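Residues per chain are reported as follows:
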Amino acid sequence: MADVRQDPRSPIDAAINTPGREGLTGTAPANLYAPSLDREQVTIAPDFAPVEMQPAWRQDFPIDWPQDVYVERRDFMKFMVLTSAAFTLGQLWIAAQNWYRKRSGRPGIQRIAAVDDLDVGHAIGFTYPNPHERCLLVRLTTTDFVAFGQECTHLSCAVIPRPAEGAFYCPCHEGRFDIRTGVPTAGPPRRPLTRIVLEMRERDIYAVDVEERTT
Amino acid sequence: MISGTKRPFSREQRAIIVYGMLFFVLIIVILQLWLLTATMNAWLGGDESIVWPAAAASAACLALNVGLFRYLVRIERTRSGV
């Protein structure tokens, strides 16, 4: 345990029987009321020893450890408050995107292909509802067609249709989705693929809506 | 003697206050991170009902953090006599 009499922050000498106290009454040292440095401005080594007893490196680079600890915690708190602000901005960005999406309204109706353009077990690509959203139309049987967005719900890589395996395959992280439902069956994706709602009109296939799902 | 003036906190006291506030701020920031990922997941999945309540909750967390930070600034100003 450190000797408190060596701590320069302690202005009172608790011992009465020191040589400098001989003949005096009371316990206060003579310099108690003398102007001195603010105790928080005194650089204190971790072992409380005076500066001249410290190693050379510490004399060359004196650091006030308690102040250093205090400042780094305070600055870390500032950083965390900024991080908190960034997260709130992220939430507001989602809200703004949501407002924009609702404002855009439902997507229009778009012809994809004629029924005869696609053989059973084959797929074709198209864009819907805008030119940047790539989708896949797959013919499962003579009468069954399904369409999904091509972006993997993990990290947006393009999925590849594999009708023979009954799956959409994402080559980036080995993700797999069921070809009939778009539900993830393997790999890191957790959300199903975006489903494109289809409509048959005479011998043509139309995309009429987009369906986002969480499960 | 009891003085009418308020004594400023010492550095050790302020350090303890900073530790306490840092603990709360960390918990709140972790909560906000979870809230952001959950909201993003729900919104990308087409669930729009959670977007505005989550934004309001995150803004409330930010207000709490900023309030704690302002308190820290205030006790430092008291210390420096500003």
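The shown structure was predicted, so the numbers you read here are calculated from the model rather than taken from an experiment. Every chain is numbered on its own, with residues counted from 1 as its sequence reads. Numbering of ligands from 1 and lettering of chains from A proceed in the order in which they are written. For this predicted model, a pLDDT threshold of at least 70 governs which residues receive local features, and a threshold of 80 or more governs which side-chain atom pairs are given and counted, while totals over whole chains, interfaces and linings are taken from all residues.

A.B. asks: Quick question: what am I supposed to make of the overall build of chain B here?
C.D. replies: Secondary structure elements are taken from DSSP: a helix is a run of H or I of four residues or more, a strand is a run of E of two residues or more, and numbering for both begins at the N terminus. A count of helical and extended segments in chain B gives 2 helices and 0 strands. In chain B, buried positions account for 24% of the 82 residues. A residue is called partly exposed when the number of other C-beta atoms within 10 Å of its own lies between 12 and 20, exposed at 12 or fewer, and buried at 20 or more, with C-beta atoms placed from the backbone.

A.B. asks: What exactly am I supposed to notice about the interface of chain B and chain A here?
C.D. replies: Think of interface size as the accessible area that goes away when the parts come together; that is how it is often given. Any two residues are considered in contact once their C-beta atoms, placed from the backbone, lie within 7 Å. Each partner contributes residues to the interface: chain B has 35 residues there, and chain A has 27 residues. Elements supplying a minimum of two residues to the side of chain B that touches chain A: helix H1 (11-44) and helix H2 (51-80) of chain B. At 19 residues, the largest contribution of residues to the side of chain B that touches chain A is made by H1(B). Counted by class, the side of chain B that touches chain A contains 25 nonpolar, 6 polar and 4 charged residues. For this scheme, ten residues count as nonpolar: Ala, Val, Leu, Ile, Met, Phe, Trp, Tyr, Cys and Pro. Four count as charged, namely Asp, Glu, Lys and Arg, and the remainder, Gly too, count as polar.

A.B. asks: Teacher, can you tell me more about the sheet that holds strand S7 (residues 175-178) of chain A here?
C.D. replies: Sheets are built from strands that pair by backbone hydrogen bonding, the pairs being arranged parallel or antiparallel. All names here are of chain A. Overall, antiparallel pairing links the 4 strands, which are arranged S5-S6-S7-S8 in an open sheet. For this open sheet the edge positions go to strand S5 (160-162) and strand S8 (184-186), each flanked by a neighbour on one side alone. Along the sheet, successive strands turn relative to each other by an average axial angle of 35°, direction set aside. A pair of strands is treated as paired once DSSP finds two or more bridges between them. Bridge count for S7 against S8 is 2 bridges, and the pairing is antiparallel. Considered in S8, the bridge of arginine 176 is made with alanine 186. Here an axis means a line fitted to C-alpha atoms, over the contact stretch when the element is a helix, while the angle between two N-to-C directions is reported on a 0 to 180 degree scale.

A.B. asks: Before we go on, may I ask you to explain the environment of Ser10(B) in this structure?
C.D. replies: Mapped onto the elements of the fold, Ser10(B) is located in the segment before H1. Expressed as a C-alpha distance, the spacing of Ser10(B) and Glu76(B), which sit 66 residues apart in the sequence, is 10.0 Å.

A.B. asks: Can you help me understand the confidence of the model for chain A in this one?
C.D. replies: If pLDDT is low for a region, its predicted coordinates should not be looked at in detail. Confidence in the prediction of chain A, expressed as mean pLDDT, is 81, and 79% of residues score 70 or more. pLDDT is a residue-level measure of predictor confidence that goes from 0 to 100. The low-confidence segment residues 1-5 of chain A, where pLDDT is below 50, has 5 contacts with residues more than four positions distant or belonging to other chains.

A.B. asks: Hey, could you run me through the nonpolar core in this one?
C.D. replies: Only buried Ala, Val, Leu, Ile, Met, Phe, Trp, Tyr and Cys residues enter a nonpolar core, and they are joined through C-beta atoms within 7 Å. In this structure, Leu136(A), Leu137(A), Ala147(A) and Phe148(A) are the most contacted members of the largest nonpolar core, which totals 20 residues. At the level of secondary structure, the elements contributing two or more residues to this core comprise strand S3 (134-139), strand S4 (145-149), strand S6 (167-170) and strand S10 (204-211) of chain A. For this core, the element with the most residues is S3(A), which contributes 4 residues. When neighbours within four sequence positions are excluded, Phe148(A) is seen to be in contact with Cys135(A), Leu136(A), Phe168(A), Gly182(A), Leu193(A), Thr194(A), Arg195(A) and Ile196(A). In this structure, Val25(B), Ile28(B), Val29(B) and Leu62(B) belong to the second largest nonpolar core, which totals 12 residues.

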